[in-house]
Amino acid sequence: SICIKDMAGIMGPQEAYDLVKALKENIDLPVIVHTHCTAGLAFMTYLKAVEAGADVIDTATSCFSGGTSQPATESLAFALRQLGYEVALNDGILREVNDFFTPIRNEFLQSGQLDPLVMGTDTACLNYQVPGGMLSNLVSQLKTLNAMDKFEAVLAEVPNVRKDLGYPPLVTPMSQMVGVQATQNVLLGKYKNIGKEVKAYVHGDYGRAPGPIDEELKKMILGEESAVDVRPADLLAPEFEATKEKLGDTAKSDEDVLSYIAFPQVAEKFFDARRKKEENTVVYSIRRLD
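Residues numbered from 1 in each chain as written. Predicted model: local features only at pLDDT ≥ 70, side-chain atom pairs only at ≥ 80, totals over all residues. Heavy atoms only, no water.

**Observations concerning the nonpolar core**
Piece 1. Val158, Leu165, Val178, Tyr201 and Val202 are the most contacted members of the largest nonpolar core, which totals 31 residues.
Piece 2. Those elements that place two or more of their residues in this core are helix 6 (132–144), helix 7 (151–164), helix 8 (174–188), helix 9 (196–203) and helix 10 (215–222).
Piece 3. In this view, Tyr201 contacts Leu165, Pro168, Met174, Met177, Tyr206, Ala209, Pro210 and Ile213; residues no more than four positions away in its chain are not counted.
Piece 4. Of all hydrophobic cores here, the second largest spans 17 residues; its members include Ala16, Ala52, Ile57 and Leu80. (Core = buried A, V, L, I, M, F, W, Y, C linked by side-chain atoms within 4.5 Å. Buried < 20%, exposed > 50% of the residue type's maximum accessible area, 1.4 Å probe, protein only. Helix = DSSP H or I, 4+ residues; strand = E, 2+ residues; numbered from the N terminus. Contact = heavy atoms within 4.5 Å.)

**Brief notes about the sheet that holds strand 3 (residues 56–57)**
Two pairing modes exist for strands in a sheet, parallel and antiparallel, and in both the strands are linked by backbone hydrogen bonds.
Piece 1. With parallel pairing, the three strands of this open sheet are ordered in space as 1-2-3. Both edges of this open sheet fall to strand 1 (2–5) and strand 3, since each of them pairs with a single strand only. (Pairing = 2+ DSSP bridges.)

**Considering the packing of aromatic side chains**
Piece 1. Scanning the entire structure with this criterion turns up four aromatic pairs.
Piece 2. Following the ring pairs from residue to residue traces out a cluster consisting of Phe64, Phe100 and Phe101.
Piece 3. Directly above the aromatic system of Tyr17 lies the positively charged group of Lys48, at a separation of 4.8 Å from the ring centroid. (Phe/Tyr/Trp six-rings, centres within 6.5 Å; stacked < 30°, edge-to-face > 60°. Lys NZ or Arg CZ within 6 Å of the ring centre and 35° of its normal.)

**A closer look at a nonpolar patch on the surface**
Piece 1. Judged by side-chain polarity, Ile93, Val97, Phe100 and Phe101 come together as a nonpolar surface patch covering roughly 340 Å² of accessible area.
Piece 2. The exposure class assigned to Ile93 is partly exposed, which follows from its relative accessible area of 44%. (Patch = residues over 30% accessible without salt bridge, like charges linked within 9 Å, V, L, I, M, F, W, Y side chains within 5 Å. Areas by Shrake-Rupley, 256 points an atom, 1.4 Å probe, with all protein chains shown as cover. Salt bridge = Lys/Arg side-chain N within 4 Å of Asp/Glu carboxyl O.)

**Digging into the state of the cysteines**
Disulfides are covalent bonds that link the sulfur atoms of two cysteine residues.
Piece 1. A full pass over the atoms with the stated rule returns zero disulfides.
Piece 2. Lacking any disulfide linkage, Cys63 is separated from the closest cysteine sulfur, that of Cys37, by 14 Å.
Piece 3. By relative accessible area, which is 6% here, Cys63 ends up buried. (Disulfide = S-S within 2.5 Å.)

**A closer look at helix 9**
Piece 1. Three or more residues of helix 9 are buried, namely Val198, Ala200, Tyr201, Val202 and His203.
Piece 2. Along its buried surface, helix 9 packs onto helix 8 and helix 10.
Piece 3. Where helix 9 ends, the next residue or the one after it, Gly204, has phi of about 100 degrees, a positive value.

**Some details on the pattern of salt bridges**
Piece 1. Scanning all chains against the criterion turns up twelve salt bridges.
Piece 2. Here Glu25 makes a salt bridge to Lys21, at a shortest N to O gap of 2.6 Å. Note that Glu25 and Lys21 are positioned in helix 1 (residues 13–26) at a spacing of four residues, about one turn of the helix.
Piece 3. Looking at Glu25, the relative accessible area reads 54%, which means it is exposed.
Piece 4. One salt bridge in this structure joins Arg275 and Asp272, with 2.4 Å as the shortest N-O distance. With Arg275 and Asp272 both in helix 13 (residues 264–279) and three residues apart, this pair spans about one turn of that helix.
Piece 5. Residue Arg275 is classed as partly exposed on the basis of its relative accessible area of 37%.
Piece 6. Judged by relative accessible area, which is 29%, Asp272 ranks as partly exposed.

**Quick look at the side chain of His34**
Piece 1. Within the secondary structure layout, His34 lies in strand 2 (residues 31–34).
Piece 2. Look at His34 and you get buried, because its relative accessible area is 12%.
Piece 3. Polar side-chain contacts of His34 include one of 3.1 Å to the side chain of His36.
Piece 4. Looking at His34, its side chain comes within polar contact range of the side chain of Asp58, at 2.8 Å.
Piece 5. If sequence neighbours within four positions are ignored, His34 has contacts with Cys3, Ile4, Lys5, Asp6, Tyr46, Asp58 and Gln70. (Polar contact = N/O pair within 3.5 Å; in protein donor to acceptor, adjacent residues only side chain to side chain.)

**Some thoughts on helix 3 (residues 73–82)**
Piece 1. Listing the buried residues of helix 3 in full gives Thr73, Leu76, Ala77 and Leu80. In a view along the axis of helix 3, the buried residues occupy a sector of 105 degrees, so they form one face of it. Exposed residues pointing more than 90 degrees away from the buried face of helix 3 are listed as Phe78 and Gln82.
Piece 2. Summarising the contacts, the buried residues of helix 3 are in contact with helix 2 (42–51), strand 3 and helix 4 (91–111).
Piece 3. Gly84 occupies a position one or two residues after helix 3 and carries a positive phi of about 100 degrees. (Arc of directions from axis to C-beta.)

**Some points on the packing of helix 12 (residues 254–262) against helix 13**
Piece 1. Where helix 12 meets helix 13, the axes come as close as 6 Å, and the angle between the chain directions of the two elements is 135 degrees. Taken as axis vectors, helix 12 and helix 13 run oblique relative to one another. On helix 13, the residues that touch Asp256, Ser259, Tyr260, Ile261 and Ala262 of helix 12 are Pro264, Ala267, Glu268, Phe270, Phe271 and Arg274.
Piece 2. Of the residues assigned to the contact of helix 12 with helix 13, the class counts are seven nonpolar, one polar and three charged. (Axes fitted to C-alpha atoms, helices over the stretch in contact; angles between N-to-C directions. Parallel < 35°, antiparallel > 145°, perpendicular 65-115°, else oblique. Nonpolar A, V, L, I, M, F, W, Y, C, P; charged D, E, K, R; others polar.)

Here's what the structure looks like:
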């Protein structure tokens with residue numbers, strides 16, 4: 001499948017229609033569209049995407065929809081049915097899901113963990129192009145630092161940092177890196193403190209930047225050292241066979257080895273649970289005795 005991921009919620013309805021239509025006319029794969037309500041465009045964008053032939057649209061249960069989240073599942077199901085589309089969703093189940101999550105949403109609102117600021121429409125994101133998840137993280141971070149008065153300044157700094165870093169796509173982990181650096185630039189001064197992740201990115205450990213990185217920033221971080229000019233993974237020592245030998249009989253497949261390499265703590269818990277289940281499994285048979 002192909003997913004069009006509009007993490008900042010800035011894709012307009014005509015852009016969605018043109019892009020989905022072009023993909024469907026040229027590629028025989030399901031097309032998924034993912035956007036956010038941040039700029040207030042998402043409902044219109046989804047309707048035009050469906051009209052152009054999109055196979056899947058990402059939505060959210062209504063109590064957690066809107067703002068930096070996705071459009072409401074229930075509203076889009078109603079609208080698409082009215083427009084003549086077949087929507088294979090059970091409305092009763094949708095209501096159950098929303099009823100379950102509504103009190104949880106209310107608890108988050110009362111505790112302050114969910115800020116109403118991220119639940120509304122903010123057309124400024126059309127200029128700042130800040131993804132929904134990144135915006136939520138910025139609000140949480142600034143509230144923790146008791147610096148919400150700097151919110152607009154941080155938003156304005158995000159495009160500057162992104163430009164300095166060669167316009168990396170604002171998806172995890174780059175969105176968090178750019179957001180943290182923009183916050184530090186506003187609170188502490190322009191690049192007075194540079195995170196180790198940003199230094200690694202400028203060094204080339206994440207691969208080649210899409211655009212040119214600001215030369216002054218590059219010199220500030222690298223000094224006389226040269227950036228990586230090869231595929232970063234080529235600099236890593238092979239570890240599959242060594243890990244496979246280390247795990248021994250614990251690994252039942254190559255997938256187990258890869259899981260351990262990527263997520264060792266999670267994999268260890270899984271292996272332990274599987275081992276206990278196997279130890280507690282009794283195998284028996286029934287024979288007829290003549």
